[in-house]
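Observations on the three-dimensional arrangement
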Amino acid sequence: MFKKICYKFVTSALIALFVFGFTAAPATFAVSKDDVRTEAQKFIDDYTKTWTKLRYESSQAEWQSNIKIVEGDDTNAKATVAAAEKLVAFTGSKANIDAATKFLKQKTKLTGLQVKQLEAILYKAAGSPETVKALVKERIAAETAQTEKLFGFDFKIGGKSVTANDIDRMLKESNDLAERRKAWESSKEVGIGLKDGLANLQRLRNGTVKPLGYKSYNSYQVSEYGMTSEEMQALMLQINRELRPLYRELHTWARYELAKKYNREVPDQLPADWLSNRWGQDWSELVSVEGMDVNAALKDKSAEWIVKQGEEFYVSLGFPRLPQSFWEKSSLYPAPKDAKYKKNNHASAWHLDLENDVRSLMSVEPNAEWFETSNHELGHIYYYISYTNKDVPPLLREGANRAYHEAVGSLMGLAAMQKPFLENRGIVAKDAKVDEMQILMREALSSVVFIPWSSGTMPQFEYELYEKNLPKEQYNKRWWELVKLYQGIVPPTERGEKFCDACTKTHINDDAAQYYDYALSYILLFQLHDHIAAKILKQNPRATDYYGNKEVGAFLRKIMTPGASRDWRVVLREETGEDLSAKAMLRYFEPLTAYLKKQNAGRKYTLPELPPS
């Protein structure tokens with residue numbers, strides 16, 4: 001999952017220095033269309049020149065804050081705050097807001113591309129209006145401190161320091177419930193020190209967007225889709241409802257399987273420490289596909305080999321090789337054991353200058369999870385490379401919408417894990433006898449299981465946090481109510497308000513009110529994959545191999561190259577012939593749905609019912 005590098009907050013400074021030529025034409029005579037377009041383009045060009053410079057400086061500073069976190073040393077944090085303040089002083093200036101507003105009032109005289117750029121300028125300003133510069137400055141510092149506290153945390157088990165990767169490994173491999181509980185509880189300790197910070201960010205984020213008319217920070221983020229918060233929540237509930245019957249079968253199957261594994265009575269809801277993922281968003285470790293043990297096949301490979309294989313995949317589709325600077329500037333591997341610093345361990349992709357400086361932040365190890373993640377992150381990198389072209393101005397060098405970026409990354413991660421692809425790369429044996437239903441089960445335990453989390457727990461919590469001003473003393477109680485409702489998961493022990501288990505998820509702290517992007521991305525990815533399998537490869541969508549197919553690459557480039565310069569709905573309809581729909585995802589898992597109903601015959605269904613629409 002990638003970190004969306006966007007800066008939507010601001011302080012006031014340097015305004016006169018940055019803003020050029022905004023004097024309105026006299027009201028005594030009409031201004032021609034050509035004159036308005038020329039004046040608007042001058043403003044856009046001047047804005048872009050300054051914005052890209054300041055954005056690059058801010059991105060570089062934030063990069064350093066993510067790759068080198070030294071306890072007690074706030075040098076990088078101060079540099080990040082200073083660079084961000086300069087950027088947001090510009091994007092949120094009253095002069096820029098007034099100029100963009102003036103031109104948009106004459107949008108009928110402008111080109112479509114100009115209108116989109118002016119709207120992007122106002123959107124950037126909305127999270128950082130000059131009128132609340134003190135609040136914005138406070139927010140920048142608070143967000144930087146929160147991120148450093150999260151990723152600089154020293155996890156401990158039995159008094160011994162462990163890494164996040166160590167905890168994840170225990171939850172995936174250990175069959176000792178006592179050991180698992182210690183690992184799970186250790187993973188939640190970081191939330192205690194983040195709770196006050198989240199309450200502060202709740203206040204600051206809402207406070208900085210309200211001056212430009214947004215009800216809450218959640219409303220502001222959702223507006224990029226042209227929707228209200230309530231409309232987005234309704235869409236999330238719709239997605240949940242569509243996939244709920246299949247999720248109920250998976251939930252029931254998992255309860256019985258895990259009870260058998262741990263020799264315990266079948267619980268009504270899944271204990272969180274029984275699952276391999278800290279947040280219960282992925283249960284794929286429940287199934288090991290015989291004959292297709294990717295972990296075993298990769299364990300003797302180097303971390304560098306994993307990433308290079310990803311590059312080869314994209315090159316085979318007709319994409320260029322990654323620039324040398326990618327390899328020189330990225331932070332792709334875990335920090336050395338004896339390092340005196342920590343790094344952000346959440347995989348992400350960065351487009352620092354909106355030109356050729358593309359980087360990835362990962363902690364790659366030779367296993368199946370990082371093999372998929374590497375292909376996913378490179379999907380973002382190649383999306384950046386694709387829309388960095390003369391027809392897409394820097395202000396529109398983004399995904400068609402935020403979900404599109406995730407969809408492309410996840411699509412390529414899915415493609416890289418399908419059996420024919422792995423066979424033809426020599427990662428799994430071609431003559432191995434593989435249970436195809438188990439492959440499908442493992443995929444569902446990853447992608448279908450992810451939907452209640454990404455369209456339910458996370459967006460509902462953040463909706464209530466920002467839109468309903470959820471009180472701090474109810475954070476943990478409400479979090480676990482939502483986890484139970486949407487995911488059918490409960491904590492192994494009482495989790496009082498001392499804790500803030502929501503805060504243990506990075507996106508709550510540093511990528512707020514956007515998690516629905518991931519849910520939408522999964523719907524999009526299955527639509528795109530269904531089209532590729534049926535219309536281009538003429539292959540079973542459950543057993544494809546994209547490798548070396550230039551037509552697949554050309555299809556992807558058509559979607560990726562326009563960036564945000566064209567309406568995402570139009571692009572989807574033109575390239576796939578369909579509007580946004582979960583039908584392709586449901587079709588993909590039809591055989592599994594029938595299989596699970598047979599497996600669960602006579603078993604008790606206990607997954608809570610979703611609230612009415």
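All values reported here derive from a predicted model rather than from experimental measurement.

1. Structural notes on the overall build of the protein chain
The helix and strand inventory of the protein chain stands at 25 helices and six strands. Against the compact-globule benchmark of 25 Å for 613 residues, the protein chain has a radius of gyration of 24 Å, which places it among compact chains. Seen along its three principal axes, the alpha-carbon backbone of the protein chain occupies a region of about 85 × 55 × 55 Å. Looking at the protein chain residue by residue over its 613 residues, the buried ones come to 60%. For the protein chain, long-range pairs separated by at least 24 residues make up 80% of all intrachain contacts whose partners lie at least 6 apart in sequence. Counting only carbon and sulfur atoms, one obtains 51% of the accessible surface of the protein chain, whose full area is about 24,400 Å².

2. Let's talk about unusual backbone geometry
The phi dihedral of Ala513 is positive, around 55 degrees, even though this residue is not glycine. Inspection of the secondary structure puts Ala513 in the loop between helix H20 (506-510) and helix H21 (516-537). The exposure class assigned to Ala513 is buried, which follows from its relative accessible area of 1%. The phi torsion at Lys538 lies on the positive side, around 55 degrees, for a residue other than glycine. Looking at the secondary structure, you find Lys538 in the loop between H21 and helix H22 (550-560).

3. Structural notes on the packing of helix H6 (residues 133-151) against helix H9 (residues 195-209)
Packed helices, taken two at a time, are described by the angle between their axes plus the distance between the axes. Look at H6 against H9: their axes get within 9 Å of each other, and the N-to-C directions meet at 145 degrees. At the point where H6 passes H9, the crossing takes the left-handed sense. Between H6, through Leu135, Val136, Glu138, Arg139, Ala142, Glu143 and Gln146, and H9, the contact on the second element is made entirely by Gly197, Leu198, Asn200, Leu201, Arg203, Leu204, Arg205, Gly207 and Thr208. The residue inventory of the contact of H6 with H9, partitioned by class, reads six nonpolar, five polar and five charged.

4. Focus: the packing of aromatic side chains
Under the criterion given, the structure shown has 34 aromatic pairs. Where Phe153 meets Phe155, the ring centres are 5.0 Å apart and the plane angle is 75 degrees; that geometry is what we call edge-to-face. Taking relative accessible area as the criterion, Phe155 reaches 8% and is therefore assigned buried. Judged by centre distance (5.7 Å) and plane angle (45 degrees), the ring pair of Phe313 and Tyr314 falls under tilted. Taking the relative accessible area as the measure of exposure, Tyr314 reaches 2% and is therefore buried. Clustering of aromatic rings is evident, with ring pairs tying together Phe450, Trp453, Phe461, Tyr475, Trp479, Tyr515, Tyr518 and Tyr522. In this arrangement the basic side chain of Lys301 is found over the ring face of Trp305, its NZ or CZ atom lying 4.6 Å from the centre. For Arg359, the ring lying beneath its charged end belongs to Trp63, and the centroid distance is 5.3 Å.

5. Here we look at the pairing of strand E4 (residues 348-351)
Burial along E4 is two-sided: the residues Ser348 and Trp350 and Ala349 and His351 are all buried. Bridge count for E4 against strand E5 (residues 358-361) is four bridges, and the pairing is antiparallel. Looking at E5, one finds that Ala349 is bridged to Ser360. In this structure, the hairpin formed by E4 and E5 is closed by a connection of six residues, where Leu354 is found at a positive phi of approximately 60 degrees.

6. Quick look at the packing of helix H2 (residues 33-67) against helix H5 (residues 112-126)
One way to put it is that H2 packs onto H5 with a least axis distance of 11 Å and a crossing angle of 45 degrees. Between H2 and H5, the angle falls in the class oblique. Of the two elements, H2 crosses H5, and the hand of that crossing is left-handed. Where H2 approaches H5, its residues Arg37, Ala40, Gln41, Phe43, Ile44, Tyr47 and Trp51 are matched on the opposing element by Gln114, Gln117, Leu118, Ile121 and Lys124.

7. Some points on the pattern of salt bridges
One side chain can pair with another of opposite charge once the charged atoms of both are near each other. Inspection of the entire model under this criterion finds 41 salt bridges. Glu39 is paired through a salt bridge with Lys102; the nearest N and O atoms lie 2.9 Å apart. Note that Glu39 is positioned in helix H2 and Lys102 in helix H4 (residues 94-104), a separation of 63 residues in sequence. For the salt bridge of Asp530 with Arg587, the shortest nitrogen-to-oxygen distance reads 3.0 Å. Here Asp530, found in helix H21, pairs with Arg587, found in helix H24 (residues 583-588); they are 57 residues apart in sequence, far enough to count as distant. One network of salt bridges, with partners in common, ties together Glu464, Lys477, Arg478 and Glu481.

8. Comments concerning H21
End to end, H21 covers 30 Å across 22 residues, agreeing with the expected 32 Å (1.5 Å per residue, within 8%). Within H21, 20 of the 22 residues are buried, which leaves the element mostly enclosed by the surrounding structure. With its phi angle positive at about 55 degrees, Lys538 sits one or two positions after the end of H21.

9. Comments concerning the environment of Leu572
Relative to the helices and strands, Leu572 is located in helix H23 (residues 568-576). Taking relative accessible area as the criterion, Leu572 reaches 3% and is therefore assigned buried. Among residues more than four places away in sequence, those in contact with Leu572 are Tyr404, Leu524, Gln527, Leu528, Gly577, Glu578, Asp579 and Leu580.

10. Remarks on helix H7 (residues 164-173)
Looking at H7, one finds that the buried residues are Ala164, Asp166, Ile167, Asp168 and Leu171. On the buried face of H7, the contacting elements are strand E1 (155-157), strand E2 (160-162) and helix H8 (177-188).

11. A word on the side chain of Gln233
As for its position among the elements, Gln233 is in helix H11 (residues 229-262). Note on Gln233: relative accessible area 12%, which makes it buried. A distance of 2.8 Å separates a polar atom in the side chain of Gln233 from a polar atom in the side chain of Gln460. In this structure Gln233 touches Pro459, Gln460 and Tyr463, once residues within four positions along its chain are discounted.

12. A look at the nonpolar core
Soluble globular proteins tend to bury their nonpolar side chains together. One finds Leu250, Tyr546, Leu556 and Phe589 to be the most contacted residues of the largest nonpolar core, which totals 150 residues. Of all hydrophobic cores here, the second largest spans 19 residues; its members include Leu87, Phe103, Leu354 and Leu395.

13. Some remarks on the environment of Ser348
Tracing the backbone shows Ser348 in strand E4. Sequence separation between Ser348 and Ala254 is 94 residues, and the spatial gap between their C-alpha atoms is 30 Å. Polar side-chain contacts of Ser348 include one of 2.9 Å to the side chain of Trp350.

14. Focus on the environment of Ala125
Here Ala125 is to be found in helix H5. Considering only alpha carbons, one finds Ala125 and Pro452, 327 residues apart in sequence, at a separation of 33 Å. Not counting residues within four places of it along the chain, the set of residues in contact with Ala125 comprises Thr91, Gly92, Ile97 and Leu212.

Conventions and cut-offs
Each chain carries its own residue numbering, running from 1 in the direction its sequence is written. For a predicted model such as this one, the threshold for reporting local features is a pLDDT of at least 70, and the threshold for listing and counting side-chain atom pairs is 80 or more; totals across whole chains, interfaces and linings nevertheless cover every residue. Side-chain descriptors were evaluated using all non-hydrogen atoms of the structure, hydrogens and water having been removed beforehand. To qualify as a helix, a DSSP run of H or I must reach at least 4 residues; to qualify as a strand, a run of E must reach at least 2; elements of each kind are numbered from the N terminus. Computation of the radius of gyration draws on C-alpha atoms, with the globule rule given as 2.2 Å multiplied by the number of residues to the power 0.38. Throughout, exposure labels follow a simple rule: accessible area from a 1.4 Å probe, protein chains only, divided by the maximum for the residue type, with under 20% read as buried, over 50% as exposed, and the rest as partly exposed. Pairs of residues are marked as contacts when any of their non-hydrogen atoms sit within 4.5 Å. Under the convention used here, a 1.4 Å probe and the Shrake-Rupley method define accessible areas, while residue burial counts only the protein chains that appear. The axes are straight lines fitted to the C-alpha atoms, using for helices just the contacting stretch, and the angles between their N-to-C directions are given from 0 to 180°. Two helices crossing with the near one rotated counterclockwise from the far one by less than a right angle form a left-handed crossing, whereas a clockwise rotation gives a right-handed crossing. Put simply, Ala, Val, Leu, Ile, Met, Phe, Trp, Tyr, Cys and Pro go in the nonpolar bin, Asp, Glu, Lys and Arg in the charged bin, and everything else, Gly too, in the polar bin. Each Phe, Tyr or Trp ring (for Trp, its six-membered ring) is paired with any other whose centre lies within 6.5 Å, and the angle between the two planes then decides the class: stacked below 30 degrees, edge-to-face above 60, tilted in between. Either the NZ atom of lysine or the CZ atom of arginine qualifies as a charge over a ring when it sits within 6 Å of the ring centre and within 35 degrees of the ring normal. Paired strands are those between which DSSP finds at least two bridges. In these notes the angle categories are as follows: under 35 degrees is roughly parallel, over 145 is roughly antiparallel, 65 to 115 is roughly perpendicular, and the rest is oblique. A pair is scored as a salt bridge if a Lys or Arg side-chain nitrogen falls within 4 Å of a carboxyl oxygen belonging to Asp or Glu. What a helix is expected to span follows from its residue count: subtract one and scale by 1.5 Å. Whenever two N or O atoms come within 3.5 Å, that pair is a polar contact, provided that in protein one can donate a hydrogen and the other can accept it, and provided that, for residues adjacent in sequence, both atoms are side-chain atoms. Nonpolar core, defined: a set of buried Ala, Val, Leu, Ile, Met, Phe, Trp, Tyr and Cys residues in which side-chain atoms within 4.5 Å join the residues together.

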